[in-house]
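One letter stands for each residue in the lines below.
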Amino acid sequence: MTVDSSATRKPRRSAAGKAGTTGSKTGTTGDTTGTAGTKRTTRAPRATAKKSTEPELVQLLTPEGKRVKNAEYDSYVAGITPEDLRGLYRDMVLTRRFDAEATALQRQGELGLWASLLGQEAAQIGSGRALRDDDYVFPTYREHGVAWCRDVDPTNLLGMFRGVNNGGWDPNSNNFHLYTIVIGSQTLHATGYAMGITKDGADSAVIAYFGDGASSQGDVAESFTFSAVYNAPVVFFCQNNQWAISEPTEKQTRVPLYQRAQGFGFPGVRVDGNDVLACLAVTKWALERARAGEGPTLVEAFTYRMGAHTTSDDPTRYRGDEERQAWEAKDPILRLRRYLEASNHADEGFFAELEAESETLGKRVREAVRAMPDPDHFAIFENVYADGHALVDEERAQFAAYQASFATGSESGFAAGEEGR
């Protein structure tokens, strides 16, 4: 599969000729049937002159930084200003700087593990900036850019990876759920939450992030089924970074991932995941569709994981340098910078100031991580039972005695053993 697209590819349209309707995203009937009292919308399949050999890809910025027109999605970014564009660029640069600092901290032994987002900044920032404040996000463990867009302090993301807390932030403060390590389970959480806000009468939307590997999980299929049947206002945002650890996408699916939505009765669309404008536009469309009561959407952001799956992974064992080099030419940050420079929307002063800001961020992250206090050793025994339990009390006492043994210095067996080494 390739991500290459061109401005000459004409956007497909629905049989009714209306740009932006959900039926025009998949080329199949987009029936969505809700429960009693909800709206049913039916969209006719789109006729095409001939079948393309490659899946259609929504793209607004080419890898060379040239703006291309798209009749279906241009309206969703029509009001974007030069200041907005500089803001998107700043978001991506600072997110990448934070991510690089976290990776370095893990290599220095300050973090137990880290999952890098290198190369996926456009997918996360574009979709993250499409959200309203009242929308709710269910991330995996790699959505550092989305967390940035939801005003979660970057240092709060690191507590779990350092082992000092269970997440580090209140999900309801930013409508950004805690990171989910279990693969794919957050899509079910998002679907249930979306069904709930529908019953509450809210007009907000929910977005669930997951990767191409998670798309093979049964939880994801179940969430597709429930969201379609109950017409839930949820956007499934799949970041297809080509590799589920060491397993390539072509070994996981016989069709492009976004086409899976057809079998569940809702639309899917593939977007250039390295194009921040396209990701912004497509996610806005999907969220507006959800808020309008038209049900779920699957967005496949076609991107690439430039680094390792996590810091415990070695990607050189399963992929070649030439593959990464090909994707480096499509780098999302370089792409937007070329557009900003060509359009005279940013000067060297802006880039220099941003570089200084990124260094300041890196320093703040380093200092914050090293200053994180160790967790209370006895917190593990709290909240196990609402009214306490004799066995837990016994275990707490045993653990207290074990901890106290270290305070006796060389008289303890442990300390004496250490001195004898």
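Since the model is a prediction, treat every value here as computed from it, not as a measurement.

Turning to a nonpolar patch on the surface, a few remarks are in order. A cluster of nonpolar side chains, contributed by F226, V229 and Y230, occupies part of the molecular surface with about 280 Å² of accessible area. Mapped onto the elements of the fold, Y230 is located in the loop between α7 (218-229) and β3 (234-240).

Interhelical geometry of helix α1 (residues 82-107) versus helix α2 (residues 121-128) gives an angle of 130° and a closest axis separation of 10 Å. Judged by the inter-axis angle, α1 sits oblique to α2. In terms of crossing hand, the pair formed by α1 and α2 is right-handed. Where α1 abuts α2, its residues L88, D91, M92, T95 and R96 lie against E121, A122 and I125. Residues belonging to the contact of α1 with α2 are distributed by class as follows: four nonpolar, one polar and three charged.

Time to look at the pairing of β3. Buried residues dominate β3, accounting for seven of its seven residues. Covered by surrounding structure in β3 are V234, F236, C238 and N240 together with V235, F237 and Q239, the residues of both alternating faces. Two elements, strand β2 (residues 206-211) and β3, share six bridges in a ladder whose sense is parallel. When the sheet's bridge partners are listed, Y209 is paired in β3 with F237. Since β2 and β3 lie parallel, the crossover through α7 that links them has a hand, and here it is right-handed. Bridge analysis of β3 against strand β7 (residues 297-302) gives six bridges, and the strand direction is parallel. Note on β7: the bridge partner recorded for F237 is V299.

Attention shifts here to the pairing of strand β6 (residues 268-272). The element β6 is extensively covered by neighbouring structure, given that five of its five residues are classed as buried. Burial along β6 is two-sided: the face carrying G268, R270 and D272 and the face carrying V269 and V271 are both buried. Pairing of β6 with β7 involves five bridges; the strand directions are parallel. When the bridges of β7 are listed, V269 appears paired with V299.

We now examine the sheet that holds β6. Here five strands make up an open sheet; going across it, the order is β1-β2-β3-β7-β6 and the pairing parallel. The sheet terminates laterally at β1 (136-138) and β6, the two strands that pair on one side only. In this sheet, neighbouring strand axes are inclined to one another by 20° on average, regardless of whether the strands run parallel or antiparallel. Here three bridges tie β1 to β2, and the two strands are oriented parallel to one another.

Right, let's talk about the packing of aromatic side chains for a bit. Evaluated as defined, the whole model comprises 28 aromatic pairs. Relative to Y230, the ring of F226 has its centre 6.1 Å away and its plane inclined at 10°; by these criteria the two rings are stacked. Each member of the aromatic cluster is reached from another via a ring pair, and the members are F98, W114, F161, W169, F176 and Y179. Over the face of the ring belonging to W327 we find K330, whose NZ or CZ atom lies 4.5 Å from the ring centre. Sitting above the plane of the F351 ring, R337 keeps its charged end 3.7 Å from the centroid.

Basis of the calculations
- Per chain, residue numbering runs from 1 following the sequence as it is written.
- Local features are withheld for residues below a pLDDT of 70 in this predicted model, meaning they are given only at 70 or higher, and side-chain atom pairs are given and counted only at 80 or more; totals for whole chains, interfaces and linings count all residues.
- To get the side-chain values, all heavy atoms of the structure are used, and hydrogens and water are removed first.
- Surface patches are defined over residues having more than 30% relative accessible area and no salt bridge, joining like charges when they lie within 9 Å and nonpolar side chains (Val, Leu, Ile, Met, Phe, Trp, Tyr) when within 5 Å.
- In this description, accessible areas are obtained by the Shrake-Rupley approach with a 1.4 Å probe, and a residue is regarded as covered only by the protein chains that are shown.
- Salt bridge criterion: a side-chain nitrogen from Lys or Arg within 4 Å of a carboxyl oxygen from Asp or Glu.
- Counting from the N terminus, the helices are DSSP H or I runs at least four residues long and the strands are E runs at least two residues long.
- For every element, the axis is a line fit to its C-alpha atoms; helices are fit only across the contacting stretch, and the angle between N-to-C directions ranges from 0 to 180 degrees.
- Reported orientations rely on four angle classes, namely roughly parallel under 35 degrees, roughly antiparallel over 145, roughly perpendicular from 65 to 115, and oblique for the rest.
- Left-handed describes a crossing whose near helix is turned anticlockwise from the far helix by less than a right angle; the clockwise case is right-handed.
- Whether two residues are in contact is decided by their heavy atoms: any pair within 4.5 Å suffices.
- Under the scheme applied, nonpolar residues are Ala, Val, Leu, Ile, Met, Phe, Trp, Tyr, Cys and Pro; charged residues are Asp, Glu, Lys and Arg; polar residues are all the others, including Gly.
- Between buried and exposed lies partly exposed: a residue is buried under 20% and exposed over 50% of the maximum accessible area for its type, with that area taken using a 1.4 Å probe on protein chains only.
- In short, DSSP must find at least two bridges between two strands for them to pair.
- Crossover handedness is defined by viewing with both strands directed away from the observer: a clockwise path from the first strand over the helix to the second marks the crossover as right-handed.
- Each pair of aromatic rings taken from Phe, Tyr and Trp, with Trp reduced to its six-membered ring, is defined by centres within 6.5 Å and is described as stacked if the planes are under 30 degrees apart, edge-to-face if over 60, and tilted in the remaining cases.
- Charge over a ring is defined by NZ of Lys or CZ of Arg lying within 6 Å of the ring centre and within 35 degrees of the ring normal.

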